[in-house]
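Survey of secondary and tertiary structure
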Amino acid sequence: MDLATLTLFLPACFALNMAPGPNNLLSVSNATRYGYRRACVAGVGRLLAFAGMIALAAAGLAVVLQTSELLFYGIKILGAGYLLYLAWQLWRAEPTAQNSADAAPGGILALARQEFLVAAGNPKAILIFTAFLPQFVDPARAITPQFLVLGLLFLALEWIAISAYAYMGLHMRRWFAEPRGKRIFNRCCAGLLSAAASVLLMAKRA
């Protein structure tokens, strides 16, 4: 890939990575509740989901989502339902019980699974990869290696976004040290996750 293409791709891709969304909001919430390191490690679940979507997009499976209305809306409803489930958990969370959750065995795996399911439950994500990444692919050259390079760059920038949003959440934890502040923050996150679920339900196929 030539340097001019990468110069255009990197800022556009990073803007996409840093855009507020359910997963970035989850990184903020996890860092606030469980700490910066756990939030960053949990983000691996999101990267795995996105890596799978990039592979599917490269293989052309996104065409199935574009042509199969039943599959698209099935994934959309499941994804929105899971976001609402997370919102309900946050709304009902007791701030005084969050410290004990830090020591819970397998906590990081559970958080990574959350990140994976939130990312995988949004069928628009694979359509974004299908619409966005091909813009920077030169059809005159081998397509698979180009998709590989673009996909790896996307995941690297996504990791930076995970770290940035988790760092934001770390400072919010200091601001919301009191149980009342934690409860307010949890409920704000719950409201935003519910709003994200509503947007997902209203999304139409590309």
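Residues numbered from 1 in each chain as written. Predicted model: local features only at pLDDT ≥ 70, side-chain atom pairs only at ≥ 80, totals over all residues. Heavy atoms only, no water.

In the annotation of an unreviewed UniProt entry, the protein chain is listed under the name LysE family translocator and assigned to Pseudomonas ekonensis. The UniProt entry for the protein chain carries the following comment under Subcellular location (unreviewed entry): "Cell membrane". (UniProt positions renumbered as here; feature names shortened; annotations may be inferred.)

Section: a nonpolar patch on the surface
Taken together, the side chains of Val-44, Leu-48, Phe-116, Leu-117 and Trp-159 present a nonpolar region at the surface, about 430 Å² in accessible area. The set of elements that each furnish at least two residues to the nonpolar patch consists of helix H3 (36-59) and helix H7 (107-120). Within the secondary structure, Leu-117 is located in helix H7. (Patch = residues over 30% accessible without salt bridge, like charges linked within 9 Å, V, L, I, M, F, W, Y side chains within 5 Å. Areas by Shrake-Rupley, 256 points an atom, 1.4 Å probe, with all protein chains shown as cover. Salt bridge = Lys/Arg side-chain N within 4 Å of Asp/Glu carboxyl O. Helix = DSSP H or I, 4+ residues; strand = E, 2+ residues; numbered from the N terminus.)

Brief notes about the environment of Ser-194
Residue position: Ser-194 is located in helix H10 (residues 179-202). The contact partners of Ser-194, leaving out residues within four places of it in the chain, are Leu-84 and Ala-87. (Contact = heavy atoms within 4.5 Å.)

So, the UniProt feature "transmembrane region" (unreviewed entry) in the protein chain
Residues annotated in UniProt with the feature "transmembrane region" (unreviewed entry) correspond here to residues 39-63, 70-91, 147-172 and 184-203. What you have in residues 147-172 is 100% helix and 0% strand, and the ends, taken at the C-alpha atoms, are 37 Å apart.

Things to note about the packing of aromatic side chains
Summed over the entire model, instances satisfying the criterion amount to 4 aromatic pairs. Measuring from ring centre to ring centre gives 6.0 Å for Phe-50 and Phe-154, while their planes differ by 75°; the resulting arrangement is edge-to-face. With Phe-50 in helix H3 and Phe-154 in helix H9 (residues 143-175), this residue pair connects regions lying 104 residues apart in the sequence. Of the two residues, Phe-50 and Phe-154, both sit in the buried class. Residue Phe-154 is classed as buried on the basis of its relative accessible area, which comes to 4%. Through pairs of rings, three or more aromatic residues link up here, namely Phe-50, Phe-129 and Phe-154. (Phe/Tyr/Trp six-rings, centres within 6.5 Å; stacked < 30°, edge-to-face > 60°. Buried < 20%, exposed > 50% of the residue type's maximum accessible area, 1.4 Å probe, protein only.)

Points about the environment of Gly-43
With respect to the helices, strands and loops of the structure, Gly-43 is situated in helix H3. With near-sequence residues (within four places) excluded, Gly-43 lies in contact with Glu-115 and Ile-162.

Some details on the pattern of salt bridges
A full pass over the atoms with the stated rule returns 2 salt bridges. Residues Arg-46 and Glu-115 are paired through a salt bridge, measuring 3.1 Å at the closest nitrogen-oxygen approach. Placement of Arg-46 in helix H3 and of Glu-115 in helix H7 is noted, with a sequence separation of 69 residues between them. Per residue, the accessibility class of Arg-46 equals that of Glu-115, and both read buried. Using a relative accessible area of 0% as the deciding quantity, one classes Arg-46 as buried. Connected through shared salt-bridge partners, Arg-46, Glu-115 and Glu-158 make up one network.

Overview of the nonpolar core
Judged by nonpolar contacts, the single largest core of 22 residues is most densely connected at Phe-9, Phe-50, Phe-129, Leu-133 and Phe-154. When neighbours within four sequence positions are excluded, Phe-154 is seen to be in contact with Cys-13, Leu-16, Asn-17, Phe-50, Ile-54 and Phe-129. Residues Leu-25, Val-28, Tyr-82 and Ala-196 belong to the second largest nonpolar core, which totals 18 residues. (Core = buried A, V, L, I, M, F, W, Y, C linked by side-chain atoms within 4.5 Å.)

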